[in-house]
Every structure is written in C-alpha cells, then in structure tokens.
Amino acid sequence: MVSSVLLAMVVVNASNLFMQSGSNTRTSSLRDAVNARIAEDIEELRRTSMEWACTTGTACTGLAVDADKPVAYQTATTSPSDYKTACSSSTVAALMKDQLPTALPSGPTQLDWSHNRPGGIAIPVALTTVTINRTISANGNKLEVSYTTGPNSPFKVELHTSLVPEAVGWCA
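If you're wondering where the values come from, they're calculated on a predicted model, not measured in any experiment.

Novice: Please give an account of the overall build of the protein that cites residues and values.
Specialist: Each helix and strand in the protein was counted, giving 4 helices and 4 strands. Starting at the N terminus and walking to the C terminus, you meet the elements of the protein as α-α-α-β-α-β-β-β. Against the globule reference of 16 Å for 172 residues, the protein gives a C-alpha radius of gyration of 24 Å, more extended than a compact globule. When the backbone C-alpha atoms are referred to their principal axes, the protein occupies close to 90 × 35 × 25 Å. Across the 172 residues in the protein, those meeting the buried criterion constitute 27%. Partitioning the intrachain contacts of the protein with sequence separation of at least 6 by distance along the chain shows that 52% fall at a separation of at least 24. Only carbon and sulfur atoms are counted for the fraction: they give 59% of the accessible area of the protein, which is about 10400 Å².

In structure tokens:
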C-alpha cells in the first residue's frame, strides 16, 4: 500500500515536471522570438542612422555602384544650414528624427510581427499575444530607443539602447 502511494506521488511529480518543462521551453522560444524581432528592428534603425544625411554618390548610400567611393556626409559641408545648426547645437539626432518621421516616429509604436516575413509563412499563434512597443526619442546627438513588451505578454522584456547617427562624426 505504501509503495503504491509512493509510486503515485513519483508519477504525479514526474508528470508535473514534464509539463512545467514544456511550458518553460515554449516561454523560452517566445522570449527568443521577441529578442530576435527587437534585434532586427535595432539593425534597421542602425542602417537608417548610417544612411541619413549621406552625400549622394558615396559609399554610405548603401548602393553597390557607390561602394568604392569615399564616404561623405552633408554635415561636413556648411551649405545646408540646418545641418550646420544641428551640429553646433548638438541636436543632430533631433534633426534626423524630424527629417525621417516615418522611420523614426514620435510616440510609442507597436512592432509588426509580419515585418520582413517571407510570404506564405504564418505567424505562430503564440506570438500574436505578445506585443512589443518601441519608443524613440532624441537626446542631443543620440537617439534613445526603448522596447517593452505589452501587458498581455507571458513575460516582461525591457531593453534600452542608444544610436548615434554616423553624420555626427562629420560635423565640421
């Protein structure tokens, strides 16, 4: 009788451990997907930051035809006065944000899970319950970017990073 009770307890504990392990694996996979989506978004923002204020016909455009041309940014010249003013007042990031309102929107933005997803591949249902909110603000010559998961997420993610436009280095 005692051995039957012990066996039942072992089976119940093993079952609970198995179910908890599966749940933890699913949560870990979701967390990895959230981190991957945030990393993808940061990379897009970095690319935007690198290409902003690039002088046409130079390597910073990202075009293959310009790959062998020396990099140059408009902040190195004094002809566009808004760049010169932003450089001297250390507000280059604010100018970039003003000039790129679609890529660097004001206020919180919810990241789209289907962004850059190949056609025909469905978004896993578990991901549809996780929202990632992004906020971008200008702070002097750098952009402050914050990511947080929404209230319905099975876990909480908070990530903060700073991006400095490449054009800052070319301020004359």
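Novice: Quick rundown of the side chain of Ser49? Include the residues and the values.
Specialist: Summarising the element assignment, Ser49 is placed in helix H1 (residues 2–51). Once residues lying within four places of it in the same chain are set aside, the contact partners of Ser49 are Met96, Val164, Pro165 and Glu166.

Novice: Please set out the sheet that holds strand S2 (residues 132–139) residue by residue, giving values where relevant.
Specialist: The strand order across the open sheet built from 4 strands is S1-S2-S3-S4, with neighbouring strands paired in antiparallel fashion. On the outer flanks of this sheet lie strand S1 (109–110) and strand S4 (158–163), each paired with one strand and no other. Each of S2 and strand S3 (142–149) touches helix H3 (residues 92–99); the most contacted strand, S2, lies at about 125° to it.

Novice: Run through the nonpolar core, naming residues and quoting values.
Specialist: Grouped together as the largest cluster of nonpolar side chains are 32 residues, with contacts concentrated most on Val34, Ile38, Leu45, Trp52, Ile132, Leu143 and Tyr147. Sorting the residues of this core by element identifies H1, helix H2 (81–88), H3, S2 and S3 as the ones contributing at least two each. Among the elements that line this core, the one with the most residues is H1, at 5 residues. Those residues in contact with Trp52 that lie beyond four places of it in its chain are Tyr73, Tyr83, Val92, Leu95, Met96, Gln99, Leu100, Pro165 and Ala167.

Novice: Give a description of the layout of surface pockets that names residues and reports values.
Specialist: When its volume is computed, the largest pocket comes out at roughly 160 Å³. Around the largest pocket, the lining residues are Arg37, Asp41, Glu44, Leu45, Thr48, Ala103, Thr109, Gln110, Leu111, Asp112, His115 and Arg134. Counting residues per element, the ones that place at least two in the lining of the largest pocket are H1 and S1. Looking at the lining of the largest pocket, the element that brings in the most residues is H1, giving 5 residues. Each residue belonging to the lining of the largest pocket can be placed in one class, and the counts come to 3 nonpolar, 4 polar and 5 charged.

Novice: So what's going on with the state of the cysteines? Which residues, and what values?
Specialist: As enumerated under the stated definition, the model contains 2 disulfides in all. Here Cys87 pairs with Cys171 through a disulfide, and the sulfurs are 2.0 Å apart. Handedness here is read from the sign of the S-S torsion; for Cys87 and Cys171, about -70°, the answer is left-handed. A residue pair is termed long-range when its members are at least 10 positions apart, and Cys87 in helix H2 and Cys171 in the segment after S4 qualify at 84 residues. On the basis of relative accessibility, which here comes to 26%, the residue Cys171 falls in the partly exposed class. Numbered by order of appearance in the sequence, the disulfide-linked cysteines of the protein pair as 1-2, 3-4.

So, how was this worked out
- Residues numbered from 1 in each chain as written.
- Predicted model: local features only at pLDDT ≥ 70, side-chain atom pairs only at ≥ 80, totals over all residues.
- Heavy atoms only, no water.
- Helix = DSSP H or I, 4+ residues; strand = E, 2+ residues; numbered from the N terminus.
- Rg over C-alpha atoms; globule rule 2.2 N^0.38 Å.
- Buried < 20%, exposed > 50% of the residue type's maximum accessible area, 1.4 Å probe, protein only.
- Contact = heavy atoms within 4.5 Å.
- Areas by Shrake-Rupley, 256 points an atom, 1.4 Å probe, with all protein chains shown as cover.
- Pairing = 2+ DSSP bridges.
- Axes fitted to C-alpha atoms, helices over the stretch in contact; angles between N-to-C directions.
- Core = buried A, V, L, I, M, F, W, Y, C linked by side-chain atoms within 4.5 Å.
- 1 Å grid on protein atoms, 1.4 Å probe; cavity = no way out; pocket = protein on both sides within 12 Å on 5 of 7 lines; lining within 4 Å.
- Points joined across faces, edges and corners; volume = space filled by probe spheres on them.
- Nonpolar A, V, L, I, M, F, W, Y, C, P; charged D, E, K, R; others polar.
- Disulfide = S-S within 2.5 Å.

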